[in-house]
Amino acid sequence: MIGHEDLTVRTLGPCRIDSPLADRLAARETTQHSVVEDDRILFDDTISMAGVRGVPVEQLPSLEPGGPRQRIYFDPAKTRVGIVTCGGLCPGLNDVIRGLVLELCRHYGVRRIVGFRNGYRGFIPHYGEDVVDLSPEVVQHIDDEGGTILGTSRGMQDPEEIVDALERLAINILFVIGGDGSIRGAMEVVRVIGERGLKIAVVGVPKTIDNDIPYIDQSFGFQTAMSEATKSIHAASVEARSAPGGVGLVKLMGRHSGFIACYSTLAKDDADYVLIPEVPFALHGERGFLEHLRRRVEDRGHAVVVVAEGAGQEHIEEHEPGRDASGNVRLGDIGRLLRRLITEHLDDAKVENNVRYFDPSYAIRSVPANPYDSAYCLRLAHAAVHAAMAGRTEVIVARRRRRFVHIPMALAVSRRNHVDPLGDLWMSVLEATGQPVRFE
Ligand SMILES: Nc1ncnc2c1ncn2[C@@H]1O[C@H](COP(=O)(O)OP(=O)(O)OP(=O)(O)O)[C@@H](O)[C@H]1O
Ligand SMILES: O=P(O)(O)OC[C@H]1O[C@](O)(CO)[C@@H](O)[C@@H]1O
Ligand SMILES: [Mg+2]
């Protein structure tokens, strides 16, 4: 069970400098829409969950609210900031970079901001990467494009060398925009910073189209990616409905978590089946997926199947399980396997079929953020700047149940966010598709 110690945010020291934003904060109080800095946000949100703890309200586990502070730790005029983007692409990376730079420059008056190129390798001299000076002029309109103007990479880098670079450039604050691996990397950087007795804040903005970071409502870019995915589902549905025995099969990203598959399915209401990593399924047999699909095609003349790339890995026999440069498992291709098995199964049953396979792959994550995600990115960037200027470190900023909060990095990587097979989301998917609870 999560307790106080899991939610405690580290700070570099007391805040002794008046914030340039202090005037705007004077009239604030905790309401439905904002939480003042010395208030706390409850971790549990049901009476039953809070009740089992058996302690008074003020002793319930709680999170530090995000947002500006009256007093800050860093002197803006003397503060140097670094920004890095790591891991796979995600819509909104440029929005976050832009938001950080604008907030730092315009509201705090920070004048020296550099971007490290191509993820953590941008710190390592061996790669010969330059750094990019970031100013409001440089970041103007970068949100119009997908990707990241800084570039990104996978692969392990030595945290000692990363901190060497921070020291050489006299960086006081490092913003890491990345997923679970990037946050683990940031924790290594924090460890070395601590060992060297340095006062450098490291603040993360969690990024993942897979939505697999726990304890947050949704990661930025997820909404855009799932919206893009709906285009392929709709195309698959049009193809399926336009051919005798039409089967539209769509494989979507989602290594360990099937959120993209679930939400894009709900958005279009075109799919008859959704297969995700969190819910194992049998392929063969009377109650297996293939036989169910055959009946659906015979009854209705067509069907649409959405599969998350991490689903059904146990069915892929020839796959050599390897790892990428960052240590992430390389998945077998469930989409191609299903395409072959569906065709063979329908052929064997003498059911006329036309299987159309869609793999939008990187197309769902390389697009610019949609307006909702852009606004969310900007607000996350603001929260990250407020946290860092107030000396918070080893922390990510996130929105949880509509409130912006500080979440210790250790908690953010303590587990993965999954679609709960017993939860409301999966129930909605079952209702929307009409598929059985289990294929067994
Ligand atoms: N366990 C780890 N310990 C230290 N550093 C790590 C670890 N895992 C990853 N990193 C660092 O973080 C970077 C990004 O990690 P990774 O490639 O796993 O992407 P990610 O941040 O998890 O994003 P994505 O959502 O795309 O997987 C790597 O290049 C590596 O330098
Ligand atoms: O970018 P790569 O290394 O091909 O990795 C792809 C993976 O990255 C993700 O997009 C997460 O960033 C996953 O959905 C996908 O499995
Ligand atoms: Mg990852």
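What you are looking at is a predicted structure, and each value in this text was computed from that prediction instead of being measured.

Caption draft 1: How the structure looks around the site of ligand 2. In the neighbourhood of ligand 2, the contacting residues comprise Gly88, Arg154, Ile209, Asp210, Met253, Gly254, Arg255, Glu309, Tyr362 and Arg365. Arginine 154 places a side-chain nitrogen or oxygen 2.8 Å from an oxygen atom of ligand 2. At 2.7 Å from an oxygen atom of ligand 2 is found a side-chain nitrogen or oxygen belonging to arginine 365. Each residue belonging to the shell around ligand 2 can be placed in one class, and the counts come to 3 nonpolar, 2 polar and 5 charged. Domain assignment of the residues forming the shell around ligand 2 places at least three in each of domain 1 (4–217 + 369–400) and domain 2 (222–366 + 421–433).

Caption draft 2: Expanded view of the site of ligand 1. Residues in contact with ligand 1 amount to 21 residues; listed here are only the nearest, Gly88, Gly155, Asp180, Ser182 and Ser326. With respect to ligand 1, the side chain of aspartate 180 contributes an N or O atom lying 2.5 Å from an oxygen atom. Protein contact buries 86% of the 620 Å² of open area that ligand 1 shows by itself. Of the domains in this structure, domain 1 (4–217 + 369–400) and domain 2 (222–366 + 421–433) are the two that each give at least three residues to the shell around ligand 1.

Caption draft 3: Layout of the sheet that holds strand S17 (residues 403–408). Spatially, 9 strands are ordered S3-S4-S17-S16-S10-S9-S6-S7-S8 in an open sheet, and the strand pairing comes out mixed. Either end of the sheet is taken by a strand with one partner, and the two such strands are strand S3 (41–42) and strand S8 (131–133). Two strands pair when backbone bridges link them, and strand S6 (residues 80–85) and strand S9 (residues 173–178) are joined in this way by 5 bridges, in the parallel orientation. Counted as the bridge partner of glycine 82 is leucine 174 from S9. Sheet contacts for helix H12 (residues 371–389): S9, strand S10 (201–206), strand S16 (395–400) and S17; angle to S16, the most-contacted strand, approximately 135°.

Each value, and the rule that gives it
- Residues numbered from 1 in each chain as written.
- Chains lettered and ligands numbered in written order.
- Predicted model: local features only at pLDDT ≥ 70, side-chain atom pairs only at ≥ 80, totals over all residues.
- Heavy atoms only, no water.
- Near = heavy atom within 4 Å.
- Polar contact = N/O pair within 3.5 Å; in protein donor to acceptor, adjacent residues only side chain to side chain.
- Nonpolar A, V, L, I, M, F, W, Y, C, P; charged D, E, K, R; others polar.
- Domains from an automatic or database assignment.
- Areas by Shrake-Rupley, 256 points an atom, 1.4 Å probe, with all protein chains shown as cover.
- Pairing = 2+ DSSP bridges.
- Helix = DSSP H or I, 4+ residues; strand = E, 2+ residues; numbered from the N terminus.
- Contact = heavy atoms within 4.5 Å.
- Axes fitted to C-alpha atoms, helices over the stretch in contact; angles between N-to-C directions.

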